[in-house]
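Take a look at the letters that make up each chain.
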Amino acid sequence: MAVQQTPLTGVSVTFRRPLTSAEQIDAPRRITLLAAMLVVILVALLLGFIGWNGIQIVTASHYGIGDIFSTVWSPTDQPERFGILPFLLGTLGVMAVAAVIAAPLSIGLAIFMAEVAPDWARNITRPAMEVFVGIPSVVYGFLGLTVLVPFLRENFRGLGFTLGFSWFAGSLVLALMILPTISAIAYDAFISIPQDLRSASLALGTTRWQTIRHILIPTARAGLLTAVILGMMRAAGEALAVQMVIGNRPTVPTSLTQPMTTLTSQITLDMGNTVSGETWNQALWTMGLVLLVMSFGFVLLVRALGRRGQAS
Amino acid sequence: MIARSHRFGAVLTAASLFVLAACSSGATPSPSSAAASAAPPASTAPADSGAPAGSAAAGGGAPVCETGSITAAGSTALQPLVDKAGKDYVAACPAAQIQVQGGGSGTGLTQVSQGAVQIGNSDVTAESKNITGLTDHIVAKQGWIMVVNPDVTNVKGLTSQQATDIWTGKTTNWKDVGGPDEPIVLILRPESSGTRATFKKIVLGGATEATGQALTEDSNGAVVTAVAGTPGSTSVIGFAYYADPANAGKVTGLQLDGVDASVDNMASGTYKLSAEGHMYTKGDATGLTKSFLDYIMGAQVQGTTIPNLHYAPVVK
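Parameters and conventions
Residues numbered from 1 in each chain as written. Chains lettered and ligands numbered in written order. Predicted model: local features only at pLDDT ≥ 70, side-chain atom pairs only at ≥ 80, totals over all residues. Heavy atoms only, no water. Phe/Tyr/Trp six-rings, centres within 6.5 Å; stacked < 30°, edge-to-face > 60°. Helix = DSSP H or I, 4+ residues; strand = E, 2+ residues; numbered from the N terminus. Buried < 20%, exposed > 50% of the residue type's maximum accessible area, 1.4 Å probe, protein only. Disulfide = S-S within 2.5 Å. Axes fitted to C-alpha atoms, helices over the stretch in contact; angles between N-to-C directions. Parallel < 35°, antiparallel > 145°, perpendicular 65-115°, else oblique. Left-handed = near helix turned anticlockwise from the far one by under 90°. Contact = heavy atoms within 4.5 Å. Nonpolar A, V, L, I, M, F, W, Y, C, P; charged D, E, K, R; others polar. Polar contact = N/O pair within 3.5 Å; in protein donor to acceptor, adjacent residues only side chain to side chain. Core = buried A, V, L, I, M, F, W, Y, C linked by side-chain atoms within 4.5 Å.

Participant: Is there a simple way to think about the packing of aromatic side chains in this case?
Facilitator: Residues and elements named next belong to chain A. With the rule as written, the count across this model stands at 10 aromatic pairs over all chains. Considering the side-chain rings of Tyr-63 and Phe-82, the 5.6 Å spacing of their centres and the 70 degrees angle between planes classify their relative orientation as edge-to-face. Of this pair, Tyr-63 sits in the loop between helix 3 (56–59) and helix 4 (65–68) while Phe-82 sits in strand 2 (residues 81–82), and the two are 19 residues apart along the sequence. Classification of Tyr-63 by relative accessible area gives buried; the value is 17%. In this structure an aromatic cluster arises from ring pairing among Tyr-63, Trp-73, Phe-82 and Phe-87.

Structural data, given as structure tokens:
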């Protein structure tokens, strides 16, 4: 029986033996093949479309790469400047802080569910987490806007939360959102560790904590990193909930307590008001392309981790 | 163990898909015929003595029915009006179908020039977006009002100069304009917004806003929520949203240069923070599109619907 090494990251089809001609004309197989090809074609078209639109600002409007990755975003001034660096840094920043908050919590939760919890506790926490995943992001944003933002402003003004809308608020909302994602994948990583390892470790007289600390966590490391990266991917792509609490200030983020903005948030703010063909609109596509490249990077990272996990 | 892990993964995947779906449906402008109808305060007719009642004689301005199906998309500021007019038209001419969608002025202009919709609604001119080949129909005048959080007492209004100083970041405390000793929190719309462009042109005289010290919210509704919830904050919203009973008491409206922000003052030209609402067609309008635009320019819409929804008519 094969153990799934990297869930959610891709489809690998293994044919166990050559197909007979009877199987080749097998209708269900054709249908599934068609479905798979359709998805591949769709993805290719999508990539081509976003890629083509994303480079228009360079090819059609003759902005340099340096102009695009500058910190000045002033699309209504003359000359128009479309530096997307504040948004890119915002996305990376809000994502990183969210991961720092969420990773220890959710890996702790996964360890609890996989290794520590008695059955009755697992029976409560697992469904609770599944419900967590199902809450639409706009609800998180709404909670953040009506509860978190005023709370930060009223109780932590002394720390610099003059407005409540802040980098930290965005990261906190995101941390909550990616917590179940990371937990679920980390949980999978722990329970796919062969039971023999635990038995051998315990037979040597270790405590449960020593087994977790010295055997299980190092063994599951690739899976845990995958979990955190997939969580960060979800964080990078989230627009709505974050937009509602970060204040959307298009400058390079400098303080956790002050407003900032992200790529996704800026795209949703401007997309309805710009027209296609306009340089401004092209800049939005470029931001989309940057997000796409980022998620490509993450996928490659996850795949590399998966391979390393397989090799060891 | 393994079977359990796979089931769990499946649940997670299914749940994530659901979240994605929910998320995208939240971000996509949906056909508004149902949604927007709740927004305009249709029953709260202001004192529209200034409206051109003379031309709105009994029975005047009823639609000349055409059949077919058209879609109008674009400006959310103009949407309540187009939506109401569309509903009234279809009520009188059941053989016609008129879909009204939001999406923003840019979306309206793009879609009409691509032929995806028959009418593109916009707060800004097509020329300002370098789009040619469209026929402009100016259907109404729409107004905006400066609003503040209710904790900013003693400020009845701002002059254009005071507003410019606040919006450019020169004035940062309400006490400098006669209010309480409280920092000013500026809430802007995105730079691509028609509201922001209009305010910048008419009130700020083109001066650049202090974006780096402000918050940005992307719709009238989000602005009302943010201003109502943030002490010392100020922003600009459309008349229809300010007059919406659901927003009553949440924010305080300000005078501009000593003039009340009212439909009458906007119609007479004394209140200057207003702009024309455009409905663009690709080439000349024909068929149902022409009939619908004629209806909007007719006495019934110009004389009754428009003032009821806090716009000002353009046909006297």
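Still to come is the rest of the account.
Participant: Can you help me understand unusual backbone geometry in this one?
Facilitator: Peptide bonds are, in most cases, trans, and in most cases residues other than glycine have a negative phi. Phi is positive for His-62 of chain A, close to 60 degrees, though the residue is something other than glycine. Positionally, His-62 of chain A belongs in the loop between helix 3 and helix 4. The exposed category is assigned to His-62 of chain A, whose relative accessible area is 65%. Notably, Asn-154 of chain B is not glycine yet its phi reads approximately 70 degrees, a positive angle. Its location among the elements puts Asn-154 of chain B in the loop between strand 4 (134–148) and strand 5 (157–158). By relative accessible area, Asn-154 of chain B is classed as exposed at 61%.

Participant: Looking at this model, I keep getting lost on the state of the cysteines. Mind explaining?
Facilitator: A covalent bond between the sulfur atoms of two cysteines is referred to as a disulfide. All names here are of chain B. In the structure shown here, the tally under the stated rule is one disulfide over all chains. Bridging Cys-65 to Cys-93, the disulfide has an S-S length of 2.0 Å. Handedness here is read from the sign of the S-S torsion; for Cys-65 and Cys-93, about -80 degrees, the answer is left-handed. You can see Cys-65 sitting in the loop between helix 2 (32–35) and strand 1 (68–74) and its partner Cys-93 sitting in the loop between helix 3 (79–92) and strand 2 (96–103), a full 28 residues away along the chain.

Participant: Please clarify how the packing of helix 3 of chain B against helix 10 (residues 287–297) of chain B should be interpreted in this entry.
Facilitator: When two helices pack together, their arrangement is captured by the angle between the axes and the distance separating the axes. All names here are of chain B. Here helix 3 crosses helix 10 at 110 degrees, and the two axes come no closer than 10 Å. Accordingly, the angle class assigned to the pair helix 3 and helix 10 is roughly perpendicular. Every pair of crossing elements has a handedness; the one defined by helix 3 and helix 10 is right-handed. Where helix 3 approaches helix 10, its residues Val-82, Ala-85, Gly-86, Asp-88 and Tyr-89 are matched on the opposing element by Leu-288, Ser-291, Phe-292, Tyr-295 and Ile-296. Its residues placed into classes, the contact of helix 3 with helix 10 shows seven nonpolar, two polar and one charged.

Participant: Got a minute to help me understand the side chain of Thr-110 of chain B in this structure?
Facilitator: Inspection of the secondary structure assignment puts Thr-110 of chain B in helix 4 (residues 105–113). One polar contact links the side chain of Thr-110 of chain B to the main-chain amide nitrogen of Ser-276 of chain A, over a distance of 3.3 Å.

Participant: Explain helix 4 of chain B here, please?
Facilitator: Along an α-helix, residues three or four apart share an orientation, since each turn contains 3.6 residues. The buried fraction of helix 4 of chain B amounts to seven of the nine residues, a majority that puts the element mostly inside the structure. Residues of helix 4 of chain B that are buried: Ser-105, Gly-106, Thr-107, Gly-108, Leu-109, Thr-110 and Val-112 of chain B. On the buried face of helix 4 of chain B, the contacting elements are helix 13 (263–271) of chain A together with strand 1, strand 2, strand 3 (119–122), strand 4 and strand 11 (274–282) of chain B. Phi for Gly-115 of chain B, located one or two positions after helix 4 of chain B, is positive at around 80 degrees.

Participant: Mind showing me how you'd approach the environment of Pro-313 of chain B here?
Facilitator: Within the secondary structure, Pro-313 of chain B is located in strand 12 (residues 312–313). Considering only alpha carbons, one finds Pro-313 of chain B and Ala-91 of chain B, 222 residues apart in sequence, at a separation of 22 Å.

Participant: I'm lost on the side chain of Thr-198 of chain B in this one. Help?
Facilitator: Note on placement: Thr-198 of chain B falls in helix 6 (residues 194–202). Discounting chain neighbours no more than four positions away, the residues touching Thr-198 of chain B are Trp-144, Val-203, Leu-273, Ser-274 and Ala-275 of chain B.

Participant: I would appreciate a short explanation of the nonpolar core in the present structure.
Facilitator: Here is a general trend for soluble globular proteins: nonpolar side chains tend to be buried in one another's company. Membership of the largest hydrophobic core comes to 114 residues, with the highest contact counts inside it found for Phe-190 of chain A together with Met-146 and Trp-167 of chain B. Per element, the largest residue contribution to this core is 15 residues, and it comes from helix 8 (residues 167–191) of chain A. Beyond its immediate chain neighbours, meaning those up to four positions away, Trp-167 of chain B contacts Met-146, Leu-186, Leu-188, Phe-199, Leu-204, Glu-209, Ala-210, Thr-234, Ser-235 and Val-236 of chain B. Core analysis: the second largest hydrophobic core is formed by 25 residues, Leu-81, Cys-93, Ala-96 and Val-100 of chain B among them.

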